[in-house]
Amino acid sequence: MLDIRAIRSDPEAVKASLARRGIDTSDIDAVVALDARRRDLVTTRDAVRAEIKTLSKQVGRLRGTGDESAAEASMARSRALGAEADALEAAETAVAAELDALLLGIPNVIHADAPDGISDADNPVVEMVGDIDGFADHQRVPHWETGAALGILDTERATKITGSMFVMLRGAGATLSRALCQLALDRNADAFEEIRPPSLVSTATLTASGQLPKFADDAYAVERDDLWCIPTAEVPLTSIAAGEILDSAELPMRFMAYSPCYRREAGAAGRDTRGMLRAHEFDKVEILSLATPEQAPAMLDELVHRAEATIATLGLTYRIIEICSGDLGQSHHRSFDIEVYAPGCDMWLEVSSVSWFSDYQARRANIRYRPAPSADDPRPATRMVHTLNGSALAVPRVWAAIVETYRNPDGTVTVPEVLRPYMRGITVIGA
RNA sequence: GGAGCGGUGGCAGAGCGGACGAAUGCACCGGUCUUGAAAACCGACGACCUGUCACAGGGUCCGGGGGUUCGAAUCCCCCCCGCUCCGCCA
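Residues numbered from 1 in each chain as written. Chains lettered and ligands numbered in written order. Predicted model: local features only at pLDDT ≥ 70, side-chain atom pairs only at ≥ 80, totals over all residues. Heavy atoms only, no water.

**Brief notes about the sheet that holds strand β14 (residues 386-394)**
Counted only if it meets this: Paired strands, in this sense, are two strands between which DSSP finds at least two bridges. Put simply, DSSP H or I for four residues or longer makes a helix, DSSP E for two residues or longer makes a strand, and each gets a number counted from the N terminus. Every axis in this analysis is a line fitted to C-alpha atoms, fitted for helices over the stretch in contact. Angles between the N-to-C directions lie between 0 and 180 degrees. Here, two residues are considered to be in contact whenever any of their heavy atoms come within 4.5 Å of each other.
Taken together, the 8 strands give an open sheet; going across it, the order is β1-β9-β10-β11-β14-β8-β7-β2, and neighbouring strands pair in mixed fashion. With one partner strand each, in any of the chains shown, β1 (125-129) and β2 (193-195) form the two edges of the open sheet. Across the sheet, the mean angle from the axis of one strand to that of its neighbour is 20 degrees, orientation sign disregarded. Summarising the sheet, strand β11 (residues 347-356) and β14 pair through 3 bridges and their orientation is antiparallel. Looking across to β14, one finds that Ser 355 is bridged to Asn 389. Relative to β14, helix α10 (residues 296-313) is tilted by about 5 degrees, and along the sheet it contacts β1, β7 (253-262), β8 (281-291), β9 (318-322), β10 (334-342), β11 and β14.

Here it is as structure tokens:
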């Protein structure tokens with residue numbers, strides 16, 4: 001959610017930023033009009049209420065002096081004003097609701113340094129490690145074939161048990177998946193508190209991080225209990241401090257969590273249906289930070305570097321791209337994706353998305369902090385925190401890239417060195 | 001799921017129709033004292049909306065939502081959450 005004050009004070013600047021997304025900005029004009037109307041109603045209503053309060057106190061005093069008829073007059077006057085206040089209140093509530101609904105649907109403003117562009121085709125590559133042409137024929141086998149041959153990926157039975165776009169890992173494949181989670185957690189445990197959050201969250205929580213109300217179709221709903229399955233651990237982690245006022249000394253806060261992620265993939269039916277490329281349920285380790293606006297830029301760098309470093313230790317070919325204005329998610333202020341190259345299916349797979357949300361999510365979740373007192377401001381006002389997060393590692397696609405990259409001529413798969421401590425002694429899958 | 005009790009400021013904890021944004025203690029902040037610190041003392045000290053160049057001023061908030069009343073933290077109704085006991089249970 002954008003800051004209504006920012007919109008009010010310079011609507012053209014907000015519109016200019018949103019225009020970079022290639023969207024219609026007329027909602028901003030509507031917001032400005034509603035906001036003016038709302039403030040008008042508030043001012044009038046408050047004046048009426050102030051008078052009611054004065055009159056009510058008078059009643060008490062007049063009763064004390066025994067002037068019953070004067071008290072009666074004040075009561076009558078106050079009663080009439082009460083009806084007026086109620087009407088103004090109702091009007092204000094209605095306008096405020098309309099304003100909020102509009103505000104919830106307006107995407108975040110874009111960071112000045114984010115590149116311009118229309119679609120994902122315009123996302124610039126900022127770093128590239130490895131050579132996509134440097135693979136042998138035995139590595140040019142899709143992971144779903146290798147996985148089936150080695151008995152570590154069983155999509156047929158997953159489909160039988162649940163339905164299409166669900167996967168099941170077996171044996172060393174399941175262990176490999178869990179090893180990746182463990183690796184990602186261990187590599188970030190130096191600075192991040194490990195959380196095991198709930199996987200089902202309330203509507204308020206899913207709204208706070210930006211998924212609702214606009215993207216309800218993408219989430220699994222547990223309607224009977226009015227709960228939602230999380231599409232990422234970002235959702236519960238963001239809301240850890242919802243409604244709280246943090247001490248500046250506590251910032252930046254850093255959390256990491258392994259969680260299952262549930263996505264209906266409503267807009268992606270029929271895309272990437274093979275193997276582990278896209279599933280309704282998958283595992284991911286997320287890293288997240290609540291920071292001051294001043295700390296945020298460095299934190300964005302840190303998160304990108306941490307995600308990159310984990311991919312790098314796995315020995316995969318990868319690249320980092322920056323998301324252009326037209327491809328940026330609704331809540332995002334600035335984002336970077338890490339993609340690994342999967343030689344078997346010859347595709348770049350997005351395995352991490354690191355984003356800075358500025359105060360967009362914090363305003364929805366109402367997460368504030370109190371800046372440290374200084375000489376000229378001994379009691380500073382509260383400010384919204386900034387939220388940032390990124391996938392430390394999205395398991396299935398990394399799993400796929402490993403199975404393809406590390407496939408040997410005999411069809412077995414060598415386990416990357418850094419994963420071996422978590423593999424119960426398995427060094428070559430299928431050997 | 002059933003029964004009982006409870007939800008008040010950062011924390012603890014009074015108040016139970018009018019002078020209550022709310023006693024008191026602790027914490028926090030500023031100051032006095034001190035070589036420095038502690039202690040002591042003095043003062044300040046919630047959030048949000050509105051308003052102002054900035055002050056001032058006005059309003060809302062005592063778990064959430066309705067209601068009664070001239071007036072609600074206080075009375076009534078519904079909901080949510082917590083604790084204790086019972087039931088169920090990995």
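Here the narrative resumes.
**Examining the protein's contact with RNA strand B**
Note the following rule: Working definition: residue near molecule or strand if any one of its non-hydrogen atoms lies within 4 Å of it. Here a polar contact is taken to be a pair of N or O atoms separated by no more than 3.5 Å, where protein atoms must pair a possible hydrogen donor with a possible acceptor and residues adjacent in sequence count only if both atoms sit in side chains.
Lining the immediate surroundings of RNA strand B are 22 residues, of which Asp 46, Ser 56, Ser 78, Arg 79 and Thr 382 lie closest. Of everything in RNA strand B that lies within 4 Å of the protein, sugar and phosphate atoms constitute 79%. Between RNA strand B and Arg 79 there is a distance of 2.4 Å, counted from a phosphate oxygen to a side-chain nitrogen or oxygen. Separating a phosphate oxygen of RNA strand B from a side-chain N or O atom of Arg 370 is a distance of 2.9 Å. Every element with two or more residues in the surface near RNA strand B is listed here: α1 (4-9), α3 (26-65), α4 (68-105) and β12 (368-370).

**A short note on unusual backbone geometry**
For clarity, the cut-off: Exposure categories follow from relative accessible area, calculated using a 1.4 Å probe and restricted to protein chains: below 20% of the type maximum is buried, above 50% is exposed, and the middle band is partly exposed.
Backbone torsion omega between Leu 212 and Pro 213 reads 0 degrees, so that peptide bond is classified as cis. Residue position: Pro 213 is located in the loop between α8 (203-208) and β4 (221-222). Of note, the amide linkage connecting Leu 251 to Pro 252 takes the cis form, showing an omega dihedral of 0 degrees. Counting through the fold element by element, Pro 252 comes out in the loop between β6 (245-247) and β7. Within the chain, Glu 265 stands out as a residue other than glycine whose phi angle is a positive 55 degrees. Within the secondary structure, Glu 265 sits in the loop between β7 and β8. The buried category is assigned to Glu 265, whose relative accessible area is 16%. With a phi close to 60 degrees, Asn 366 is a non-glycine residue in the positive phi region. With respect to the element layout, Asn 366 can be found in the loop between α11 (360-365) and β12. With relative accessibility at 28%, the residue Asn 366 sits in the partly exposed group.

**Brief notes about the domain arrangement of chain A**
The condition that has to hold: For the domains described, the bounds stem from an automatic or database domain assignment. Here the quantity called buried area is the total loss of accessible area, with a 1.4 Å probe, experienced by two parts when brought into contact, counted for both. Only Asp, Glu, Lys and Arg are considered charged in this grouping, and only Ala, Val, Leu, Ile, Met, Phe, Trp, Tyr, Cys and Pro are considered nonpolar; every other residue, Gly among them, is considered polar.
We note that the domain assignment places domain 1 (4-105) and domain 2 (120-429) within chain A. Averaged C-alpha coordinates put domain 1 and domain 2 at centres separated by 43 Å. On the side of domain 2, 11 residues touch domain 1, which itself brings 4 residues to the contact. Counting each side, the surface lost to burial between domain 1 and domain 2 is near 610 Å², with a carbon and sulfur contribution of 41%. Our enumeration of links across domain 1 and domain 2 arrives at 7 residue pairs in polar contact (both at pLDDT 80 or more). Grouping the amino acids of the side of domain 1 that touches domain 2 by side-chain chemistry returns 1 nonpolar, 1 polar and 2 charged.

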